[in-house]
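One-letter residues, chain by chain:
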Amino acid sequence: MNVKKTQINLRWVLSVLPVRFTIAIIVLSITSSFEGVINGYVMGQMTNIAFNNFAGVGTFVLLVLAAYLITYVSAYLFLLTNQKAIQILNQKLKFAFFASSFYQENQADSNSSDVINNVTNISNQIQGHYFQPLFYLIQAIMTVISTTFVVLETNLLLGMIYVLLSALSMIPNQLGKKQMNQKTDNWSQSNSSLVTIMKDIFEGKNEIRKFDVKNLFFKKFSNSLNTEEENYFQLNKVQFTVQFCAWVCAVLANVIPMGIGLLMVVNHFGGVEIGTIVTLTLTADHVLGGVREIVGYQTQISSTKSIRDIGIEEDKNSVQASEVGENSLTLKDVAFDRGDKEIFQNVNLQLKNSDKVIINGDSGVGKSTLLNIISGQLKPTKGKVEFGNRSISLG
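Residues numbered from 1 in each chain as written. Predicted model: local features only at pLDDT ≥ 70, side-chain atom pairs only at ≥ 80, totals over all residues. Heavy atoms only, no water.

(A) Region of interest: the overall build of the chain. Scanning the chain from terminus to terminus reveals 11 helices and 6 strands. The proportion of buried residues among the 395 residues of the chain is 36%. If you take every contact in the chain between residues at least 6 apart in sequence, the share linking residues at least 24 apart comes to 77%. Of the accessible surface of the chain, which amounts to about 24,100 Å², a share of 60% is contributed by carbon and sulfur atoms. (Helix = DSSP H or I, 4+ residues; strand = E, 2+ residues; numbered from the N terminus. Buried < 20%, exposed > 50% of the residue type's maximum accessible area, 1.4 Å probe, protein only. Contact = heavy atoms within 4.5 Å. Areas by Shrake-Rupley, 256 points an atom, 1.4 Å probe, with all protein chains shown as cover.)

Laid out in structure tokens, this is it:
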């Protein structure tokens, strides 16, 4: 039995996802990120259109329509691909939790509810707060890159001011990351303690009633519940505080360059006009929006760091779920003697998936003995039993 510490991170995701899904997600995240770019481009170009040229106006409208169609079709396909990728990752993660719990030798008395908690609750937390934000983070990064290019192309100097100040939104998340991880650990530990106390109380409720000490245990449960809920409040408080600080920084990153732009217009500096400020404000808002989304997704991803460290116990004889379909049961020249009495000999049988067989005969001819040999509870006198090309051993 090997125990391998696994971190559910980007490397793990890339190792699980087929390459075609990774490529599709990257391409679709790029093509679906052009909404903000199109809006800024259209507003900027409308002032240059010769409205007396009907053909030119028609061509412009058709190009804009095609650009919007490509963008929103890409967004739709991105959602579908994203959801299919999450399905693949969930199956791998839940199977890993299930297999790890199944092969645990040092926790033979573990309750099935612990396994169910890992397979469902923790997996769902990782799905909702890591897998989904991870893919949307990629899309948000592409949005920031595309809109940043348009902003800089519109006016390099004022565009750089917009882009540089948009980075203010990243500061609160970076400063609060350590505290968020600590609060997450505190809540996770108190939640585990609460679950343990509840299990202990219900497993010993008969003794608690018998000795009439329920008040003592109820008080212990109440204190643990208060601690767990307080830790959860503190975790949310830190997250909300970080988010509020990010909002304040986003407001400053929008207002300051707008004021600088107006001063440049008044002083006829840098070729900045009112139309330039309007275009940059509309487009740069998507830079700021993308940065805010990145901050939000990073916050969610950071909050799951402690639960994404999992220990997966691997058994060398274990098989993946995909291999089960290839297994077959084979008996080769199986014989069994009980003392000097021969029960049966030269039993040969091969069963594939979905095959059915009826074992009948008089009492004492060895039906139960044969089944015990197949299940590994008895060792045949000679011959062997194989399941999926692996010998079935006693025990």
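Right, picking up where we left off after that structure.
(B) Inspection of unusual backbone geometry at higher detail. The backbone phi angle of H268 is positive, close to 50°, even though this residue is not glycine. Following the sequence through the fold, H268 ends up in the loop between α9 (214–266) and α10 (274–303). If you check the backbone angles, N346 has positive phi at about 55° while not being a glycine. Assignment of secondary structure puts N346 in strand β4 (residues 341–352). By relative accessible area, which is 47% here, N346 ends up partly exposed.

(C) Highlighting the packing of aromatic side chains. By the definition in use, this model includes 7 aromatic pairs. Measuring from centroid to centroid gives 6.1 Å for Y136 and Y297, while their planes differ by 25°, and the two rings are stacked. Here Y136, found in helix α5 (residues 112–154), pairs with Y297, found in helix α10; they are 161 residues apart in sequence, far enough to count as distant. On the basis of relative accessible area, Y136 is assigned to the partly exposed category, the value being 24%. A connected cluster of aromatic rings, assembled from ring pairs, spans W12, Y130 and F131. (Phe/Tyr/Trp six-rings, centres within 6.5 Å; stacked < 30°, edge-to-face > 60°.)

(D) Spatial organisation of the packing of helix α7 (residues 170–203) against α9. Contact pair α7 / α9: the axes reach a minimum separation of 9 Å and the direction vectors enclose 160°. By the angle class used here, α7 and α9 are roughly antiparallel. Classified by chirality, the crossing of α9 by α7 is left-handed. Taken together, the residues that form the contact of α7 with α9 break down as 17 nonpolar, 13 polar and 3 charged. (Axes fitted to C-alpha atoms, helices over the stretch in contact; angles between N-to-C directions. Parallel < 35°, antiparallel > 145°, perpendicular 65-115°, else oblique. Left-handed = near helix turned anticlockwise from the far one by under 90°. Nonpolar A, V, L, I, M, F, W, Y, C, P; charged D, E, K, R; others polar.)

(E) Highlighting the sheet that holds strand β3 (residues 328–338). The strand order across the open sheet formed by 4 strands is β4-β3-β5-β6, and the pairing between neighbours is antiparallel. Only two strands of the sheet have a single neighbouring strand rather than two, namely β4 and β6 (390–391). (Pairing = 2+ DSSP bridges.)

(F) Structural view of the confidence of the model for the chain. Within the chain, residue pLDDT values average 83, and 89% of them lie at 70 or more. Looking across the chain, the model is least confident in strand β2 (residues 309–314), with a mean pLDDT of 61, and most confident in helix α2 (residues 19–31), with 93. The low-confidence segment residues 315–325 (pLDDT under 50) makes 13 contacts with residues lying over four places distant or belonging to another chain. (pLDDT = per-residue confidence, 0-100.)

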